[in-house]
Amino acid sequence: MKIGVLALQGAFREHIVTLEALGVSTAAIRLPHQLEGCDGLVIPGGESTAIGKLMATYGFYEAVTQRHDEGMAVWGTCAGAILIALHVRDALPDQRTLGLMDISVRRNAYGRQVDSFEADLDVAGLDAPFPGVFIRAPWIEAVGEGVEVLAQHDGRIVAARAADLMATSFHPELTGDPRIHRLFVEQVVGAPRA
Ligand code: GLN
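Presented here is an overview of the structure given in this document.

Cut-offs used in this document
Residues numbered from 1 in each chain as written. Predicted model: local features only at pLDDT ≥ 70, side-chain atom pairs only at ≥ 80, totals over all residues. Heavy atoms only, no water. Helix = DSSP H or I, 4+ residues; strand = E, 2+ residues; numbered from the N terminus. Contact = heavy atoms within 4.5 Å. Areas by Shrake-Rupley, 256 points an atom, 1.4 Å probe, with all protein chains shown as cover. Lys, Arg positive; Asp, Glu negative; His and termini not counted. Charge placed at Lys NZ, Arg CZ, Asp CG, Glu CD. Phe/Tyr/Trp six-rings, centres within 6.5 Å; stacked < 30°, edge-to-face > 60°. Buried < 20%, exposed > 50% of the residue type's maximum accessible area, 1.4 Å probe, protein only. Lys NZ or Arg CZ within 6 Å of the ring centre and 35° of its normal.

### Let's talk about the overall build of the protein
Thinking step 1. Across its full length, the protein carries five helices and twelve strands.
Thinking step 2. Expressed along its principal axes, the backbone C-alpha trace of the protein runs to roughly 40 × 40 × 30 Å.
Thinking step 3. Contacts in the protein between residues at least 24 apart in sequence constitute 65% of all its contacts with a sequence separation of at least 6.
Thinking step 4. Carbon and sulfur atoms form 48% of the exposed surface of the protein, whose accessible area is close to 8,500 Å².
Thinking step 5. Here the protein contributes 16 positive and 24 negative side-chain charges, whose respective centroids are spaced 5 Å apart.

### Things to note about the packing of aromatic side chains
The relative placement of two aromatic rings is captured by the distance of their centres and the angle of their planes.
Thinking step 1. Within this structure, the stated rule accounts for seven aromatic pairs.
Thinking step 2. For the pair Tyr-110 and Phe-117, a centre-to-centre distance of 5.1 Å together with 70° between the ring planes defines the contact as edge-to-face.
Thinking step 3. The class for Tyr-110 is buried, based on a relative accessible area of 13%.
Thinking step 4. Judged by centre distance (6.1 Å) and plane angle (45°), the ring pair of Phe-130 and Phe-170 falls under tilted. Residue Phe-130 is located in strand β8 (residues 130-135), and its partner Phe-170 is located in the loop between β12 (165-168) and α5 (179-190); the two are separated by 40 residues in the primary sequence. We note that Phe-130, like Phe-170, is buried.
Thinking step 5. Seen from the ring of Trp-139, Arg-156 lies directly overhead, with NZ or CZ sitting 3.9 Å from the centre.

By themselves these figures say nothing about function.
Structural data, given as structure tokens:
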């Protein structure tokens, strides 16, 4: 089992470190052909417009969609959650997403005053609160059929999961707590193979 981490921009190193600490083989993905052989992909936090532009330049929109169709699970954190969402509110006019997951995400939803904060979150499947690190985070305004809400903060959805997709508004890779990464690894192991 191998999990790739999209390494174009943002907090990709921390995801690699956390996954390796769980004993998972990882690959820093800089070119689409490196997705071959990946059973899962993490799209990290960073800046969704910057990551999206680089994805377009290198041909990642097509490649990620194709590998997802073939059974590769995908987890987006923060900017990554925006990039996998079907609908984005407050996107830049020409901002493109993969549209893999039937969620509606509001970009920079927390606004300026509380644009970065930490909050303990009750996450479905975890027996103790998870330290949520939010950095200019989106929230998830609505989820479609087949999407399970995993966590909420102040009445807003901040983590969700579908068969082979997961989206988190916050940054589990910045906490040293590997439990959300473990949830994704379990999802990758259970994802249907094409
Ligand atoms: N606000 C950023 C965006 O729109 C996301 C921030 C993050 O990933 N920490 O892409």
